[in-house]
Amino acid sequence: MNFSKRSGRLSKQPWFQGVLLLACVIIAMLLANLPITSELYHSILETNMQIHLFSEDGSVNLLFPKDMTVEKFINDILMVIFFFTVGLEIRREIAFGELSSPKKALMPVIAAFGGVIAPALIYSIINHGTEAAGGWGIPTATDIAFAVCILSVLGEKVPVSLKVFLTALAIADDLIAILVVALFYGGKINFILLVIAFAVIILTVVLRKTGEKRMAPYLFMAVLVWGLFYYSGIHATMSGVVMAFLIPAEAKYNKAQYYRKRKKFTAELDALNSLNNGESFPNGPQKYYLRQLQHIESGSMDMTYRVEHALSPWVNFFIMPVFALANAGVTIPGVEYFNIFTDTIAGHPEFGMVGLGIFLGLLLGKPVGITLFSWIAVKLKIGAMPDKANWPMFFAVACLGGIGFTMSIFVDTLSFGNVLDHEILTSMRDAGKIAVLMGSIFAGILGSTLVNIVYKLQKK
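Residues numbered from 1 in each chain as written. Predicted model: local features only at pLDDT ≥ 70, side-chain atom pairs only at ≥ 80, totals over all residues. Heavy atoms only, no water.

Colleague: An account of unusual backbone geometry is needed here, citing residue identities and associated values.
Modeller: For lysine 381, which is not glycine, the phi torsion reads 60° and is therefore positive. Structurally, lysine 381 is set in the loop between helix H14 (354-379) and helix H15 (391-399). Classification of lysine 381 as exposed rests on a relative accessible area of 75%. (Helix = DSSP H or I, 4+ residues; strand = E, 2+ residues; numbered from the N terminus. Buried < 20%, exposed > 50% of the residue type's maximum accessible area, 1.4 Å probe, protein only.)

Okay, structure coming up:
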């Protein structure tokens with residue numbers, strides 16, 4: 001069997017992305033800690049990505065900002081595309097899916113807020129008054145890829161309604177995490193550039209209202225907004241989410257236009273075929289009409305669907321694995337580095353206990369917050385329990401919400417900007433990444449174990 005066909009089929013399995021990300025985490029950890037690869041790994045990430053045009057007066061950078069390293073390119077440019085697809089997914093769910101009505105959206109949204117507030121409180125209590133206090137946003141996110149991966153392995157043990165609930169919760173969680181990053185983890189705000197960015201956004205809205213459905217103008221606007229966000233102090237990845245909500249959701253051709261055009265070109269194609277002049281199919285004129293048919297089929301699907309469909313494989317199987325390779329490579333001097341329960345950063349209590357706050361936030365704060373807020377919503381009759389679910393199974397599935405990974409590591413890379421000592425800053429972020437990995441692994445194990453226990457008890 002052809003390898004590409006086999007790998008293509010494998011990539012469609014819901015667990016494959018989670019397995020791929022986990023493999024990239026392991027590879028990154030090995031690259032960062034093996035003596036023969038450690039120096040090369042870090043030097044590649046720190047490589048400056050600039051293209052210069054040299055002249056007698058010096059040089060001019062043609063492409064990237066002057067501080068753009070490989071690591072920043074991944075986190076500030078490639079991740080924009082990730083957030084763009086997240087924005088498209090959120091938009092689709094609001095329009096047609098689990099967030100399409102207040103009744104559908106309320107329960108997972110309330111649960112998502114609980115899953116943000118409780119971990120943030122746990123982390124803040126542990127690190128109150130220390131330099132690490134600003135990292136409260138790290139344990140607040142849920143990684144949908146790993147959660148879906150584990151749910152697919154658990155199969156029929158989890159009711160379908162709870163799988164849908166967790167997916168909707170993760171989407172709402174992503175939206176909250178995006179707002180957290182935008183509001184609390186950006187830089188110093190340049191309001192002039194921000195006003196220009198909003199002017200470009202308004203211009204994009206006007207462009208959409210005029211009926212413009214070509215992709216090129218929106219792509220140009222998206223790049224412009226990214227640059228303005230990047231230099232204004234709002235984290236540049238937010239431009240991806242903003243633009244995802246601005247591109248047209250309407251198709252170029254409606255139903256009547258599609259069938260009329262298809263009938264016309266199909267008739268022309270049939271007429272050519274009837275001539276049967278012995279040429280192989282398709283000949284030149286036939287290729288023209290086949291391209292026209294392909295064009296109207298593409299134009300009958302809205303731009304949001306076409307863009308998301310085109311980007312998803314790149315995001316799931318290139319951008320996210322590359323992000324994991326670049327950000328999960330934590331240098332571990334010794335086994336004691338995993339002692340997140342008692343050790344402080346570099347032995348300095350004033351730098352807090354980053355690892356403990358994140359670990360407990362993900363492992364305990366997430367399921368407790370999700371379950372507690374959902375229980376209150378049900379009791380107040382503003383939310384409804386998912387079909388065929390009960391509280392023990394609900395809590396077990398809520399534990400899977402503690403799998404933070406991608407978004408938690410991303411927030412970690414933005415945290416602790418108030419720490420001026422580069423060595424201490426690196427230690428805090430490395431401790432955060434280790435805690436994210438440990439908390440996510442334990443949350444996955446705990447959730448899976450509880451699902452199996454509850455399922456067996458219910459079968460008796």
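Having seen the model, we can carry on.
Colleague: Summarise the side chain of serine 38; cite the residues concerned and give the values.
Modeller: Within the secondary structure, serine 38 sits in helix H3 (residues 38-45). The class of serine 38 is buried, set by a relative accessible area of 18%.

Colleague: Could you give an account of the nonpolar core, naming the residues involved and the relevant values?
Modeller: In this structure, Phe82, Phe83, Leu162, Met320, Ile358, Phe405 and Phe416 are the most contacted members of the largest nonpolar core, which totals 115 residues. With 13 residues, helix H4 (residues 70-95) is the largest single contributor of residues to this core. Not counting chain neighbours up to four residues away, the residues in contact with isoleucine 358 comprise Tyr123, Ile138, Pro139, Gly432, Ala435 and Val436. (Core = buried A, V, L, I, M, F, W, Y, C linked by side-chain atoms within 4.5 Å. Contact = heavy atoms within 4.5 Å.)

Colleague: A description of the pattern of salt bridges should follow, citing residues and the corresponding values.
Modeller: All told, the structure shown has two salt bridges when counted by the stated rule. As a salt-bridge pair, aspartate 76 and lysine 72 come within 3.3 Å of each other at their nearest N and O atoms. Placement of both aspartate 76 and lysine 72 in helix H4 is noted, with a separation of four residues, approximately one turn of the helix. Aspartate 76 sits in the buried class, given a relative accessible area of 9%. Relative accessible area serves as the criterion here: at 29%, lysine 72 is assigned to the partly exposed category. (Salt bridge = Lys/Arg side-chain N within 4 Å of Asp/Glu carboxyl O.)

Colleague: Which residues make up the environment of alanine 111, and what values go with them?
Modeller: Here alanine 111 lies in helix H5 (residues 102-126). In this structure the C-alpha to C-alpha distance between alanine 111 and serine 374, which are 263 residues apart in sequence, comes to 5.3 Å. The contacts of alanine 111, once residues within four sequence positions are left out, are Phe165, Leu169, Ile370 and Ser374.

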